[in-house]
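Summary of the model geometry
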Amino acid sequence: MAGKTMKLLLVNGPNLNMLGVREPEKYGADGLDSITALVKEYAAGQGYKLEAFQSNIEGEIVSFIQSAGMNAAGMILNAGAYTHTSIAIRDAILAVNLKFVEVHLTNVYKREEFRHKSYLSDIAAGVIAGFGADSYLLGIRALINILDKERH
Ligand code: DQA
């Protein structure tokens, strides 16, 4: 199957452009570009084309999900701090009915209480948190497994 079903999105929210520089003891030494390259490579090996997007601005993330989400089969989403605050991102995902896996580099449940609340988890296919850059790879693997099962 071509087109819509073979396209995936990788969306990163605020401050994730600072990976590698930002609190490396928490978030690791890898930059977002190298994580993105690994996720893209895995997706390509499974026959999926992955489009990556990062923004520090909530409305830009909403607009990207609204437009790109219409033609995608699924999404890996690390909404950063917007995870804990954004009804708008939640509503955008629901508007385009997009299957997604929520990922976090850190185990948010080990951290401050305000990070325990997610506006996304209950509408996600699943949540992966606490494995550093591996969270993204586990996430893309899980997402593709679900999509492949649905197609067969
Ligand atoms: C994060 C966790 C969030 O609480 C935080 O605001 C981030 C990164 C993570 O990947 O661990 O920006 O989503």
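Refer to the structure presented above.
Worth saying up front: this structure is predicted, and the values here are computed from it rather than measured.

Calculation criteria
Residues numbered from 1 in each chain as written. Predicted model: local features only at pLDDT ≥ 70, side-chain atom pairs only at ≥ 80, totals over all residues. Heavy atoms only, no water. Helix = DSSP H or I, 4+ residues; strand = E, 2+ residues; numbered from the N terminus. Contact = heavy atoms within 4.5 Å. Buried < 20%, exposed > 50% of the residue type's maximum accessible area, 1.4 Å probe, protein only. Pairing = 2+ DSSP bridges. Axes fitted to C-alpha atoms, helices over the stretch in contact; angles between N-to-C directions.

On the secondary structure map, isoleucine 61 appears in helix H3 (residues 58–68). Contacts of isoleucine 61, omitting those with residues within four sequence positions, involve Val11, Gly13, Pro14, Phe53, Ser55, Tyr82 and Ile89.

With a phi close to 30°, glutamate 23 is a non-glycine residue in the positive phi region. Structurally, the position occupied by glutamate 23 is in the loop between strand E1 (7–12) and helix H1 (24–27). Taking relative accessible area as the criterion, glutamate 23 reaches 32% and is therefore assigned partly exposed. The phi dihedral of asparagine 97 falls on the positive side, at around 55°, and the residue is not glycine. Looking at where asparagine 97 falls in the secondary structure, it is placed in the loop between helix H4 (87–96) and strand E4 (100–104).

What follows concerns the sheet that holds strand E5 (residues 126–129). Strand order in the open sheet formed by 5 strands is E2-E1-E3-E4-E5, with parallel pairing between adjacent strands. The sheet is open, and its two borders are formed by strand E2 (49–54) and E5, each paired with just one other strand. In this sheet, adjacent strand axes meet at a mean angle of 20° when their direction is disregarded. Of the strand pairs in this sheet, E1 and E2 are connected by 6 bridges, and their pairing is parallel. Each residue of the ladder has a partner; that of asparagine 12, found in E2, is glutamine 54. This element, helix H2 (residues 32–45), spans E1 and E2 of the sheet and lies at about 160° to E2.

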